[in-house]
Amino acid sequence: MRIRLLSAAALLAFAAAPAFAAPVTYKIDPTHTTVLAQWNHFGFSNPSASFGNVEGTLVYDVADVAKSSVEVTLPLSGLEGFSAKFNEHLRSADFFDAAKFPKATFKSTKVEAAGEGKLKVTGDLTIKDTTRPVVLDVTLNKAADHPMTKAPTIGFDATTTLSRTEFGVGNYAPAVSDEVSLRITTEASVPKAK
């Protein structure tokens, strides 16, 4: 009887463990992280540009998502418009002025549960030294040990829509749409102890 009670207590303690889990800090994997921006070009097409070489950290608390956070840097050296001429134009003073403002940043201010496997992440997006609030609709893809590295790993997809003129990148608006949709996919792992 005593053994059964101890076994039951152990099972209950194991089941309750996630409720007491501490927040976990993950480092973003730039190889498997993409921020894709898309807009309308004079009504003719819907081109896109990708922000690569993303750096940052995710803190995720499975028991209390409000304790979660994200902080990301998007170096404009990683901006890719899929054409050398267009890359040069995007990085010029007509748009991002990358020589003067070499990076964009996002820092969360609030994380909320939004249903099973869903989150709303509110944060401050800064482009060209202009900061505006942005809300990301986030889907948790998977949280598990990575099959190759064996490190605890987490993956999310996120979407939002923003006004580029609010960030000083409004050249040719509204003929070229002011509204830009962002689609983000990211993978992040717990760094190995040194």
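As a reminder, the structure under discussion sits directly above these lines.
What counts, and where the lines are drawn
- Residues numbered from 1 in each chain as written.
- Predicted model: local features only at pLDDT ≥ 70, side-chain atom pairs only at ≥ 80, totals over all residues.
- Heavy atoms only, no water.
- Patch = residues over 30% accessible without salt bridge, like charges linked within 9 Å, V, L, I, M, F, W, Y side chains within 5 Å.
- Areas by Shrake-Rupley, 256 points an atom, 1.4 Å probe, with all protein chains shown as cover.
- Salt bridge = Lys/Arg side-chain N within 4 Å of Asp/Glu carboxyl O.
- Helix = DSSP H or I, 4+ residues; strand = E, 2+ residues; numbered from the N terminus.
- Buried < 20%, exposed > 50% of the residue type's maximum accessible area, 1.4 Å probe, protein only.

(A) How the structure looks around a nonpolar patch on the surface. Residues Phe42, Phe44 and Tyr172 make up a contiguous nonpolar surface patch of about 390 Å² in total accessible area. With respect to the secondary-structure elements, tyrosine 172 resides in the loop between strand S10 (152-163) and strand S11 (179-189). On the basis of relative accessible area, tyrosine 172 is assigned to the partly exposed category, the value being 42%.

(B) Spotlight on unusual backbone geometry. Between alanine 173 and the following residue, proline 174, the backbone shows a cis peptide bond with an omega angle of 5°. With respect to the helices, strands and loops of the structure, proline 174 is situated in the loop between S10 and S11. Although it is not a glycine, asparagine 53 adopts a positive phi angle of roughly 60°. Tracing the backbone through its elements, the reader meets asparagine 53 in the loop between strand S3 (48-51) and strand S4 (55-60).

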